[in-house]
Amino acid sequence: MKKPELLSPAGSFDAAISAVKGGADAVYLGLKNFSARKSAQNFSKEELLKLISFTRPLKKKIFVTLNTVIGEHEFEEALNTAAFLDEMEIDAVILQDFGFASALKNLFPRLTLHASTQMAVHNIEGAEFLKKNGFKRAVLSRELTLKKIKEIKVALPGFEIEVFVHGAMCYSFSGLCLASGIMLGRSGNRGECAQVCRNFYEMDGEKRFCFSCSDLALKETVLALEKEGVDSFKIEGRMKSPAFVYHTTALYRSIIDKKCHLENCMKSTLSFSRKKTEGFIHSPSGEEMISNLYPGHRGICIGTCNRIEKEKFLIKTNEKISVRDGILFFKNNNESESFNCSVQEITKINGKKVSVADKGEEVFIKTTVMPSKGDKIYLTSSNIVSVSTKTEQNIKPWKKELNLSVSLNGSDLNIDTESFKYHLPVNWERSDNNPGFTAKFLEILSSSGQFFYKAGKVDFDRTCENIFIPPSILKKARSSFYQSYTEHIEKKNTGKIKNYLSGSF
């Protein structure tokens, strides 16, 4: 049985690197516009090209989210973005807007289309409609049971199914929440959700978190999903830290590979965690989905405040804890009153100050705010989950390789691709004693500076044998060729898009 793809979130360049290091087969990310996670750091075009350089040699895929509702005034800009992704041979684009998808199918048929969970695909008919309209994959609604997922997969062999297995849940049905837009003018379908469901509300005279969902965690169910033929397991979290991405990816990588995952589970929880739920996977009611508990990151419980003494509290910690680690507690265990602070000092029972307390040790901890006796203490950040990606920051942007043919015709130097012909008048000399022209020009063509392209396979015509052209002229020819080719591609795509929008495509 083919192993399912493990797909991880990349809200930033560092998170993408962390995902790959954690064992992801693919990452999904947004550019600066048209992403349903507008508040994530997201990617510039140059950062995307650097990431391609990192992932392609490792045979890892990149899916780019263009999954917002796209307005008429920005349709052309969105199509230009898609043109860039098509030219860069991106592995797939994730879409919400059906009109936009139709345009991409016509204009850029090479692009692989995935239907975002924002499309609310929740039955066989919806998935079948997507397949007939050129989509390769559907990211299913989170509201489906294991039985329903199986039915869709059985009904549509060859059509890829992607399922969320971990991360935040939406109170509303996938892709159909309007609350943030109505209440604050920040539409979730435009990537600006304010997560009003996480707020504290008063209902029936009682204040509580009425609409906050627990986080999805299907670590006990992924192997059953694999058995039913799910093609891709997706982790939510483009707003999360690189540490969360790394450890959560490593968690599900371990489960898929049937290895011990206890340490990865602990570190994932420490990186970010709310109360966990299996959502709708075993019950269509989703009865355990809503949590009245504190909706933010609570990490892992490391013990209880046993007493207060001289502006320090005593705890027997069940996890290793260090100075500068972050902790959380709720005053009198009231989850409406949360306090986040850092460990300033750790003192042993004998009065000796230390920088680290080991698991099972009883110590005094000093912080800026004191808990009450009996309050549970949670560890929310620790250097044991930190990840480093600094060594990858100097990656050079990926460049598309062009197969070129080089020849001389009279005084013209010709550089041709399959779809583009270029020539430049040059002064050349016959040089029977200097046969190195082809090697020198190949070296020059392979370095293309700021352009998206570089030479791949280069065929030199017999007219290029035993000639000499000064390197300065060859460098000028190289720059002029790549500039002309770039303008050719841009003009070609601009023309197609203009014709499409005017109805004459």
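Every value quoted in this text rests on a predicted model; they were computed, and no experiment measured them.

Caption draft 1: Layout of the overall build of the protein chain. Counting secondary structure elements, the protein chain contains twelve helices and 29 strands. The principal-axis extents of the C-alpha atoms in the protein chain amount to approximately 90 × 60 × 45 Å. Here the protein chain, with 505 residues, has 51% of them falling under the buried criterion. For the protein chain, the share of sequence-separated contacts (at least 6 apart) that also reach a separation of at least 24 residues comes to 70%. If you sum the accessible surface of the protein chain, you get close to 23800 Å²; carbon and sulfur atoms cover 49% of it. Of note, the protein chain has its 72 positive side-chain charges centred 3 Å away from the centre of its 59 negative side-chain charges.

Caption draft 2: Representation of a nonpolar patch on the surface. Where nonpolar side chains cluster on the molecular surface, the patch consists of L178, I182, M183 and L184 and spans about 460 Å² of accessible area. Inspection of the secondary structure puts L184 in helix α7 (residues 179–184). On the accessibility criterion, L184 (52% relative accessible area) is exposed.

Caption draft 3: Layout of the packing of helix α11 (residues 437–445) against helix α12 (residues 471–502). Put simply, α11 and α12 touch, their axes get as near as 9 Å, and they point 45° apart. For the element pair α11 / α12, the angle class is oblique. Handedness of the crossing formed by α11 with α12: right-handed. Judged by residue contacts, F437, K440, F441, I444 and L445 of α11 engage P471, L474, K475, R478 and Y482 from α12. Looking at the contact of α11 with α12 residue by residue, the class counts come to seven nonpolar, no polar and three charged.

Caption draft 4: Spotlight on the pattern of salt bridges. A full pass over the atoms with the stated rule returns 25 salt bridges. Among the ionic pairs, E345 bridges to K353, the shortest N-O distance being 3.4 Å. Residues K421 and D416 are paired through a salt bridge, measuring 4.0 Å at the closest nitrogen-oxygen approach. Overall, the relative accessible area of 18% leaves D416 in the buried class.

Caption draft 5: Representation of the nonpolar core. If you look at the biggest cluster of nonpolar residues, it comprises 91 residues, and the most contacted ones within it are L48, F100, L104 and L225. If one sorts the elements of this core by residue count, helix α3 (residues 75–87) sits on top with seven residues. Ignoring anything within four residues of it in the chain, the contact list for L104 reads L79, A82, V93, L95, P109, L111 and L113.

Caption draft 6: Structural detail: the environment of G286. Tracing the backbone shows G286 in the loop between β12 (276–277) and β13 (300–304). The class for G286 is buried, based on a relative accessible area of 8%. In contact with G286, other than residues within four places in its own chain, are G279 and F280.

Caption draft 7: How the structure looks around the sheet that holds strand β20 (residues 353–354). With antiparallel pairing, the five strands of this open sheet are ordered in space as β14-β15-β22-β19-β20. Looking at strand neighbours, the two that pair on one side only are β14 (307–309) and β20, the edges of this open sheet. Of the pairings in the sheet, the one linking β14 to strand β15 (residues 312–316) comprises three bridges and is antiparallel in character. Looking at the pairing, I308 lines up with F313 of β15.

Caption draft 8: Up close: the sheet that holds strand β25 (residues 412–416). Pairing in this open sheet of four strands is mixed, and the strands run β26-β25-β24-β28 from one edge to the other. Of all strands in the sheet, those with a lone pairing partner are β26 (421–425) and β28 (453–460), marking the two edges. Strand-to-strand twist across the sheet, computed as the mean angle between neighbouring axes with direction ignored, equals 30°. As paired strands, strand β24 (residues 400–409) and β25 are joined by five bridges and run antiparallel to one another. Residue pairing in the sheet places N409 in a bridge with D412 of β25.

Caption draft 9: Region of the structure containing the packing of aromatic side chains. Under the criterion given, the structure shown has 20 aromatic pairs. For the pair F244 and F272, a centre-to-centre distance of 6.4 Å together with 90° between the ring planes defines the contact as edge-to-face. Here F244 is found in helix α9 (residues 242–256), whereas its partner F272 is found in the loop between α10 (262–271) and β12, with 28 residues between them in sequence. Here F244 falls in the buried class, since its relative accessible area comes to 2%. The class for F272 is buried, based on a relative accessible area of 17%. Arranged with centres 4.9 Å apart and planes meeting at 90°, the rings of Y453 and Y485 form a pair that is edge-to-face. Residue Y453 is found in strand β28, and its partner Y485 is found in helix α12; the two are separated by 32 residues along the sequence. Neither Y453 nor Y485 differs from the other in exposure class; each is buried. An aromatic cluster is present here, built from F420, Y422, F451, Y453, F481, Y482 and Y485 joined pairwise through their rings. Stacked on the ring of Y28, the Lys or Arg K234 has its end atom at 4.3 Å from the ring centre. The positively charged end of K240 is found above the aromatic ring belonging to F244, 5.4 Å away from the centroid.

Cut-offs used in this document
Residues numbered from 1 in each chain as written. Predicted model: local features only at pLDDT ≥ 70, side-chain atom pairs only at ≥ 80, totals over all residues. Heavy atoms only, no water. Helix = DSSP H or I, 4+ residues; strand = E, 2+ residues; numbered from the N terminus. Buried < 20%, exposed > 50% of the residue type's maximum accessible area, 1.4 Å probe, protein only. Contact = heavy atoms within 4.5 Å. Areas by Shrake-Rupley, 256 points an atom, 1.4 Å probe, with all protein chains shown as cover. Lys, Arg positive; Asp, Glu negative; His and termini not counted. Charge placed at Lys NZ, Arg CZ, Asp CG, Glu CD. Patch = residues over 30% accessible without salt bridge, like charges linked within 9 Å, V, L, I, M, F, W, Y side chains within 5 Å. Salt bridge = Lys/Arg side-chain N within 4 Å of Asp/Glu carboxyl O. Axes fitted to C-alpha atoms, helices over the stretch in contact; angles between N-to-C directions. Parallel < 35°, antiparallel > 145°, perpendicular 65-115°, else oblique. Left-handed = near helix turned anticlockwise from the far one by under 90°. Nonpolar A, V, L, I, M, F, W, Y, C, P; charged D, E, K, R; others polar. Core = buried A, V, L, I, M, F, W, Y, C linked by side-chain atoms within 4.5 Å. Pairing = 2+ DSSP bridges. Phe/Tyr/Trp six-rings, centres within 6.5 Å; stacked < 30°, edge-to-face > 60°. Lys NZ or Arg CZ within 6 Å of the ring centre and 35° of its normal.

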